[in-house]
Amino acid sequence: MEFYAYHGCLESERLNGNRFSVDFAYDYDMRHAAETDDLQYAIDYSQIYALIKKDMAIPAKLLEHLASRMLRHIVEAFPDITKAELTVTKYSPPLGGRVESTSVTVTYE
């Protein structure tokens with residue numbers, strides 16, 4: 001998922017924004033969904049996207065905080081998730097040199 005958002009410790013990051021991506025992977029018992037081909041037995045990932053999009057709109061200073069907050073909201077909304085991993089990547093972070101990106105990954109088990 002890609003977003004333009006206003007996260008960072010520097011005031012310029014919160015004013016000008018930056019490009020971010022979010023990768024999310026999860027496990028749940030999907031046997032019933034697989035057997036029935038019925039969305040009511042699956043986790044609707046459009047709803048996961050909506051939760052991530054909502055959290056990306058709330059500025060955070062630290063990627064650690066942002067990633068943890070997003071993962072917490074997803075797991076609270078979908079208690080059938082048994083394991084998850086969420087990575088937030090910030091492109092061209094202001095580190096005083098040429099850096100393509102920096103990422104933070106949080107997990108839930």
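What counts and how
Residues numbered from 1 in each chain as written. Predicted model: local features only at pLDDT ≥ 70, side-chain atom pairs only at ≥ 80, totals over all residues. Heavy atoms only, no water. Pairing = 2+ DSSP bridges. Helix = DSSP H or I, 4+ residues; strand = E, 2+ residues; numbered from the N terminus. Axes fitted to C-alpha atoms, helices over the stretch in contact; angles between N-to-C directions. Core = buried A, V, L, I, M, F, W, Y, C linked by side-chain atoms within 4.5 Å. Buried < 20%, exposed > 50% of the residue type's maximum accessible area, 1.4 Å probe, protein only. Contact = heavy atoms within 4.5 Å.

Peer 1: Please clarify how the sheet that holds strand β4 (residues 101-108) should be interpreted in this entry.
Peer 2: The strands making up a sheet are joined through hydrogen bonds of the backbone, oriented either antiparallel or parallel. Within the open sheet, the 4 strands sit side by side as β1-β2-β3-β4. Their pairing is antiparallel. Taken across any chain shown, the strands that pair with only one partner, and hence form the sheet edges, are β1 (2-5) and β4. Pairwise comparison of adjacent strand axes, ignoring direction, gives a mean angle of 25° for this sheet. Here strand β3 (residues 83-91) pairs with β4 via 8 bridges, running antiparallel. Pairing of Lys90 across the sheet is with Thr102, part of β4.

Peer 1: Please clarify how the nonpolar core should be interpreted in this entry.
Peer 2: Side chains that are nonpolar tend, in soluble globular proteins, to be buried together. Phe24, Ile52, Met56, Leu86 and Val88 are the most contacted members of the largest nonpolar core, which totals 26 residues. Contributions of two or more residues to this core are made by β1, β2 (18-27), α3 (45-56), α4 (63-77), β3 and β4. Those residues in contact with Ile52, other than ones at most four positions away along the chain, are Met1, Phe3, Val22, Phe24, Met70, Ile74 and Leu86.

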